[in-house]
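Observations on the three-dimensional arrangement
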Amino acid sequence: GAVVPVNITFKEEPYPPDEINFVKYLLFDAEGNLISIGEAEYFGGPTWNVVLTPEITSKLTEGTAKLEVAVSSKVVAIPSFSSITFVVVP
């Protein structure tokens, strides 16, 4: 398994968690297949954690995977998106 921290800030300050509607993730394997969709868990301060259980990570194939995160605020109409790529090795 793995835990991926996601820091959500505005003007270099933690974004208030009570103003966040959701923090969702999509995990894609090296072939571009959607492996998992879920919600990040609030950890504290600016940090939300994407928790990928061993059951989820075991579905990843060797190669370059991608994690996309979408953040929706209760006070801003347009959600924010970010993604990272990482290498999966056996």
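The structure presented is a predicted model; accordingly, all values stated were derived computationally and were not measured.

What counts, and where the lines are drawn
- Residues numbered from 1 in each chain as written.
- Predicted model: local features only at pLDDT ≥ 70, side-chain atom pairs only at ≥ 80, totals over all residues.
- Heavy atoms only, no water.
- Salt bridge = Lys/Arg side-chain N within 4 Å of Asp/Glu carboxyl O.
- Buried < 20%, exposed > 50% of the residue type's maximum accessible area, 1.4 Å probe, protein only.
- Patch = residues over 30% accessible without salt bridge, like charges linked within 9 Å, V, L, I, M, F, W, Y side chains within 5 Å.
- Areas by Shrake-Rupley, 256 points an atom, 1.4 Å probe, with all protein chains shown as cover.
- Helix = DSSP H or I, 4+ residues; strand = E, 2+ residues; numbered from the N terminus.
- Lys, Arg positive; Asp, Glu negative; His and termini not counted.
- Polar contact = N/O pair within 3.5 Å; in protein donor to acceptor, adjacent residues only side chain to side chain.
- Contact = heavy atoms within 4.5 Å.
- Pairing = 2+ DSSP bridges.
- Axes fitted to C-alpha atoms, helices over the stretch in contact; angles between N-to-C directions.

Let us look at the pattern of salt bridges. Within the structure shown, the criterion is met by 1 salt bridge. Put simply, glutamate 68 and lysine 66 hold a salt bridge, and the shortest N to O gap is 2.9 Å. Looking at glutamate 68, the relative accessible area reads 27%, which means it is partly exposed. Overall, the relative accessible area of 31% leaves lysine 66 in the partly exposed class.

Before going further, it helps to examine a nonpolar patch on the surface. Taken together, the side chains of Val75, Val76 and Ile78 present a nonpolar region at the surface, about 310 Å² in accessible area. Inspection of the secondary structure puts valine 75 in the loop between strand S8 (63-73) and strand S9 (80-88). Since its relative accessible area comes to 55%, valine 75 is described here as exposed.

This part covers the side chain of aspartate 29. Within the secondary structure, aspartate 29 is located in the loop between strand S4 (20-28) and strand S5 (34-39). Buried within the structure, aspartate 29 lacks any salt-bridge partner; lysine 59 is the closest side chain of opposite charge, at an N-O distance of 11 Å. Within the structure, the side chain of aspartate 29 is placed 2.8 Å from the backbone nitrogen of asparagine 33, a separation counted as a polar contact. When residues no more than four places from it in sequence are discounted, the contact partners of aspartate 29 are Ile35, Leu60, Thr61, Thr64 and Ala65.

Each regular strand carries side chains that alternate between the two faces of the sheet. As paired elements, strand S6 (residues 41-44) and strand S7 (residues 47-52) share 3 bridges and run antiparallel to each other. Residue glutamate 41 lies in a different strand from S7, and its bridge partner there is asparagine 49. Between the antiparallel neighbours S6 and S7 lie 2 residues, among them glycine 45 with a positive phi of about 60°.

So, on to the sheet that holds S5. Judged by pairing direction, the sheet is antiparallel, and its 4 strands sit side by side in the order S5-S4-S8-S9 without closing on themselves. Taken across any chain shown, the strands that pair with only one partner, and hence form the sheet edges, are S5 and S9. Here the average twist between neighbouring strands, direction ignored, is 15°. Both S4 and S5 contribute to a ladder of 5 bridges, which runs antiparallel. In the sheet register, lysine 24 faces S5, and the bridge partner there is glutamate 39.

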